[in-house]
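Residues per chain are reported as follows:
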Amino acid sequence: MSINKTTNPIARAVKLALFATATVSAVSSMNAFAAEEGEDAEAEEQNEKIVITGSRIPRKELSQPSPVVTIDSAEIKKFGTTDLASMLSELAPVAATDTLQGNSGSNASAGVSSANLRNLGPERSLTLINGKRHVAGQPGTAQVDLSTIPASLVERVEISTGGQSAIYGSDAVTGVVNVVLKEDFEGFEVNMSGSKSMESVGAGNGTINILAGADYADGKGNVTFFAGREYVEEVMSRDLQHLENYGTIINPADGGEEDGIPDLLTVPFVGSEMINRWGVLNPFGPDSARWTFQDDGTPFLQQTRNETNSFAFGDFPGGCPTCFFTEDYENFLPSVQKMHVGSTTNYSFNDNVQFYGEFKYVRSEIEQQFQPSFRFGNISINVVDNPFLDGGLRATLLANGQSTVSMAKFFDELGNRSADNLRETFRVVTGVKGFFELGDTEVDYDFYYVNGRTNNRRRTLNDLIPDNLVAALDAVIDPATGQAACRSQVPSAQGTGYVDPAAINGSQCVAYNPFGFRAASTEAMDFVSADVTREDEIGQEYYGVQFVFDTAEFANLQGGPIGIALGFEEREEFSETITDSLTKSGILANAATPDEFGSYDVSESFVELQFPILEGLTGAHELTLDAAYRAADYSGAGNADTWKVGVLYAPIEDIRIRGTVGEAIRAPNISEAFSPQSPGFARVSDPCDADNLGNDPDRADNCAALGIPATFQANDNVSVNTISGGNPDLTSEVSDSTTFGIVWTPTFLEDFSVTIDKYEIDIEDAILSVAAQTVANNCVDSTGGPDANFCGQIDRDPTTFDITLVRSGFINASAIRSEGIEANVNYRFDLGEMGSIASNLYLSKLELLEFFEFQNLPEESDLDQGEVGTPEYQARLNLVWSLDDLSVSWTSRFVDRSARYNVSPPPGDTSEPEDISPSYIGSVTTHDISASYDFSSDVSVYAGIRNVGNKLPPGWTRSTIYDSIGRRFFAGATFRF
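Cut-off values and rules
- Here, residues in each chain are numbered from 1, in the same order as that chain's written sequence.
- With pLDDT at 70 or above as the cut-off, local features in this predicted model cover only qualifying residues; side-chain atom pairs require 80 or more to be listed or tallied, and sums for whole chains, interfaces and linings still use all residues.
- Working from all heavy atoms in the structure, the side-chain values ignore hydrogens and water.
- If DSSP finds at least two bridges between two strands, the strands pair.
- Helical segments are the DSSP runs of H or I of at least four residues, strand segments are the runs of E of at least two, and each set is numbered from the N terminus.
- Structural elements are reduced to axes, namely lines fitted to C-alpha atoms, with helices fitted over the stretch in contact, and the angle between N-to-C directions of any two is expressed from 0 to 180 degrees.
- Any two residues whose heavy atoms approach within 4.5 Å at even a single point are treated as in contact.
- Think of it in three bands: with a 1.4 Å probe and only protein chains considered, a residue is buried below 20% of the maximum accessible area for its type, exposed above 50%, and partly exposed in between.
- For this analysis, a nonpolar core means a set of buried residues of the types Ala, Val, Leu, Ile, Met, Phe, Trp, Tyr and Cys, connected via side-chain atoms within 4.5 Å.
- What goes into a patch is any residue over 30% in relative accessible area without a salt bridge, connected to like charges within 9 Å or, for nonpolar side chains (Val, Leu, Ile, Met, Phe, Trp, Tyr), within 5 Å.
- Each accessible area is a Shrake-Rupley estimate made with a 1.4 Å probe; only the visible protein chains count as cover when residues are assessed.
- Salt bridges, as used here, are contacts in which a Lys or Arg side-chain nitrogen is within 4 Å of a carboxyl oxygen on Asp or Glu.
- Scored between 0 and 100, pLDDT is the confidence that the predictor attaches to each residue.
- Between rings of Phe, Tyr and Trp, where Trp is taken as its six-membered ring, a pair exists when centres lie within 6.5 Å; planes separated by under 30 degrees are stacked, by over 60 edge-to-face, and by other angles tilted.
- Placement of a positive charge over a ring is assigned whenever Lys NZ or Arg CZ falls within 6 Å of the ring centre and within 35 degrees of the normal to the ring plane.
- Side-chain atoms alone can form a polar contact between residues adjacent in sequence; in general such a contact is a pair of N or O atoms within 3.5 Å, and within protein one must be able to donate a hydrogen while the other accepts it.
- Charge assignment in this entry is limited to Lys and Arg as positive and Asp and Glu as negative, and neither His nor the chain termini are counted.
- Taken as the charge location is NZ of Lys, CZ of Arg, CG of Asp or CD of Glu.

### Some remarks on the sheet that holds strand β40 (residues 720-724)
Thought 1: Spatially, the four strands line up as an open sheet ordered β39-β40-β44-β43, and their pairing is mixed. Either end of the sheet is taken by a strand with one partner, and the two such strands are β39 (678-682) and β43 (794-796). Between one strand axis and the next, the sheet turns by 20 degrees as a mean value, whatever way the strands run.
Thought 2: In the packing of helix α12 (residues 772-780) onto the sheet, the strands contacted are β39, β40, β43 and β44 (803-807), and the crossing angle to β44 comes to about 105 degrees.

In structure tokens form, the structure reads like this:
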């Protein structure tokens, strides 16, 4: 935003005050007010012609057939965060699943923050910067990392929902997020901001940014430079106010299905007594024989659970200092340190030709915590020989006939398996734009070239080398030294046929003391652990051209000339991940991961037409028809043609009826198509476990047909091996989307508007990564006997019947349906000498969110509307009072009551499941207040409190849709020179 130092101070104050009244979620068309009588009609039309996301053809405001949601720079300041995606996720069309918080459980996504429109996946949402594509931040995907865009540089963000592939290309299945940055800046500006919890949670963040710009060559050109730093403090789950290790336990009063008694009860302090950081002997034995240790290795009997969650977990009402609780290790927010520099420039050679360019470099350092490496019962301790075992406990175990004993332990002493990531993003945009004349037709053009790179160095620290641990735990007394040593280093203790179990550097084995915490030596810990390093490179390069003109010279409809936009793009995307040799060898606790390579290119041609059929007639104040078509040729997925048709009809000036219908596509991304078959781990709840047999009417018979007894109790609280990967035979997803709405801008009520829109999205042949759990379930849930295809993907132990391996991958198998209604009400009214109030109310109703994991099984659908994370109703109210240089705002956000159980009833069963108590998370409403003040044209300050009432969800949810941080203060200042 440029600064004109000669601007009248009063006019500037009024302008800034009006600017500060901008409200979140305002449809961009709602900002247009009726022109005053007597203005020149042609000048009025020229002033109203703008480019709005969702179309490449400039048009009058209120004349786009698709709804567009907008937030601007004034509103961005009120969120008190540096994460742009987190801001957008407070708007109903954007889910919070892939924000900085939502990605806190992923190494590849650590520090990445992306938009997920309609909760249908970030891979189906296209993010643009100034109308152009941006390189991805996560390997193998097209997900743009919005955190690489400094919030202080954002002029506004426009969200156009519904299928937009015909306008912008693949990935725009659910819509487009277009981030518009400031440009043509003059002057020097410093922005500082910070936020901190008021409830001792931490959750601090801060930024300092500079923005400098100047015109040159007598105003023909402008260059703008920006630089800054920002940080986000790490927050662990244990730091949050409302969490108390809540979990579920089996209700002892439950009498079975449909008895009106909840199957599961939600209680605090659900953990496991079978594993901890000190070590547990006999983890699967009876309570009376389960031993744990003090820090120094002194043994004592482990605490016993009250009620049971599962084989490995139960509840401990008074707490349990020697039990494992997941919240001790869960990262709620990672630590992020970021710096960015960049520049934009433009130069007008004449009135018809302008060169433009921009570049940016962003460097992010992310630290994210995961659970330490562990062994769950697959440690064997030699009771007779182990020199570290307490003598009294040795005697007790031997007296009970245990010469060897199993052990479970979290290796906290090695340190968490932290993600120590370095991500660097570089992007260059250059082009020439302007206009030329063909006869009397003025043609706007834009030739552009974009090149982006993201380089990640992902280090996972303190991974375990299991075979080295086996060698180090097999400790004896070396008779030559009288000291503890690995059996592999003491030939006299090895016996006939002994084989060193160490996987690497066996000659350097150091005996490991597992009893207690940090009892092992540094040398022993180094021998059993290693760091994993992965190097990602993600690249995007494309060029294109677009032309925009109308037919005024040679063809006009009653409403005016036909608008035309057409163009061509050639784009290449590639991604590679190189893994260190230790990981490839398979000797670590993580799966052996091969290198990944993939790329594709696509050629696209597009055309967009706007037909102003009628205007200014009785009964037809405006009738405009839009149409768009795009033809794409993918190197891997083949041809993909998409189209879109929109209509806007205003019978009278006050009312506009609008609608769109179109077909969108999404080509498979690099990971889905090209990732190699590689091993991994997954948690699988065995469907043939006796407790799960009743979950499907065919399951019991099919499990029996596989030879599994009805009394089978699976050991399924630990991960099983998996093999999964990409599928080069995938085809593009196809979606049909429809929107229909009404816009009311009554001429008798100035600055008032209402929009109501209904949307529907149907996706066929959706690309699905078949989860290991899905493979296991579908094996035994089919009618007429076990499904041979799915059962063939599963290996079971022939003796114990436990699942040992599941094979899975990507297929075009799924279907998705989403429907909803959204309403937006805006009203600004003057209070005379008391200033003015601007209000915005945004309401949404999710009517349907249905996933068919396999579209050939339409009777087996998963309904998500009304469940936690996808509430049926959401609302946001924003009020801004402005008086001269002061603006005060109040914002309320409402999230409807949400079910904790699966709202999809079994076929033929319409009763409400009694799976869990409490069954719902009640509605949650939070309130924010903020104020800004312009001391002068050079100094502005703002401050506020998020979640004034410190309203938190109940402790049994960490869903990203809720504010789990609580009350926090934020403030910022801008200085202009």
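### Regarding helix α7 (residues 466-473)
Thought 1: Among the eight residues of α7, six are classified as buried, and the element is accordingly described as predominantly covered.
Thought 2: Along α7, the residues classified as buried are P466, N468, L469, A471, A472 and L473.
Thought 3: At its buried positions, α7 is contacted by β25 (374-382), β28 (441-464), β29 (475-478), β30 (483-486) and α8 (522-528).

### Things to note about the sheet that holds strand β51 (residues 916-917)
Thought 1: Taking strand neighbours across the sheet as the criterion, the three strands line up as β15-β16-β51 in an open arrangement whose pairing is mixed. Every interior strand has two partners, whereas the edge strands, β15 (247-250) and β51, have only one.
Thought 2: For β15 and strand β16 (residues 264-267), the ladder comprises four bridges, and the chain directions are antiparallel. Bridge pairing links I249 to L265 in β16.

### Comments concerning the nonpolar core
Thought 1: In this structure, L281, Y512 and V528 are the most contacted members of the largest nonpolar core, which totals 31 residues.
Thought 2: At the level of elements, β19 (291-293), β25, α6 (391-399), β26 (404-410), α7 and α8 are the ones that each hand at least two residues to this core.

### Observations concerning a nonpolar patch on the surface
Thought 1: Residues L557, I613, L625, Y629, W643, V645, V647 and V661 make up a contiguous nonpolar surface patch of roughly 570 Å² in combined accessible area.
Thought 2: Sorting the residues of the nonpolar patch by element identifies β36 (620-634) and β37 (638-652) as the ones contributing at least two each.

### What to know about the confidence of the model for the protein
Thought 1: The predicted model of the protein has a mean per-residue pLDDT of 89, with 94% of residues at 70 or higher.
Thought 2: Every residue in residues 1-47 is under pLDDT 50, and counting partners more than four places away or in other chains gives 89 contacts.

### A look at the packing of aromatic side chains
Thought 1: The full count for this structure, using the stated rule, is 29 aromatic pairs.
Thought 2: Positioned above the aromatic ring of W278, the side-chain terminus of R277 is 5.7 Å from the ring centre.
Thought 3: Above the plane of the ring of Y920 lies R897, whose end atom (NZ or CZ) is 3.6 Å from the centre.

### Quick look at the pattern of salt bridges
Thought 1: Counted by the stated rule, this structure contains 48 salt bridges.
Thought 2: Linking R571 and E573 is a salt bridge whose minimum nitrogen-to-oxygen distance equals 2.9 Å. Each member of the pair, R571 together with E573, is buried.
Thought 3: Among the charged side chains, a salt-bridge network with shared partners connects K758, D762, R817, E819, E847 and E850.

### Section: α12
Thought 1: The buried count for α12 comes to seven of nine residues, which makes it a mostly enclosed element.
Thought 2: Among the residues making up α12, those that are buried are A772, T774, V775, A776, N778, C779 and V780.
Thought 3: Buried residues belonging to α12 abut β39, α11 (699-705), β40, α13 (788-791), β43 and β44.

### So, unusual backbone geometry
Thought 1: A cis geometry characterises the amide bond from S917 onward to P918, with omega recorded as -5 degrees.
Thought 2: With respect to the helices and strands, the residue P918 is situated in the loop between β51 and β52 (920-921).
Thought 3: With phi around 60 degrees, S200 is a residue other than glycine that occupies positive phi space.
Thought 4: If you trace the backbone, S200 turns up in the loop between β11 (187-197) and β12 (205-216).
Thought 5: For S200, a relative accessible area of 74% gives the class exposed.
Thought 6: In the Ramachandran plot, D218 falls in the positive-phi region, its phi being about 55 degrees despite a non-glycine side chain.
Thought 7: Tracing the backbone through its elements, the reader meets D218 in the loop between β12 and β13 (221-232).

### Brief notes about the side chain of E672
Thought 1: Assignment of secondary structure puts E672 in helix α10 (residues 670-674).
Thought 2: The class of E672 is buried, set by a relative accessible area of 7%.
Thought 3: A polar atom in the side chain of E672 sits 3.0 Å from the side chain of R666.

### Regarding a negative patch on the surface
Thought 1: A cluster of like negative charges, contributed by E437, D440, E442, D444, D550 and E553, occupies part of the molecular surface.
Thought 2: By the element assignment, E442 lies in strand β28.
Thought 3: Residue classification places E442 among the partly exposed residues on the basis of a relative accessible area of 43%.

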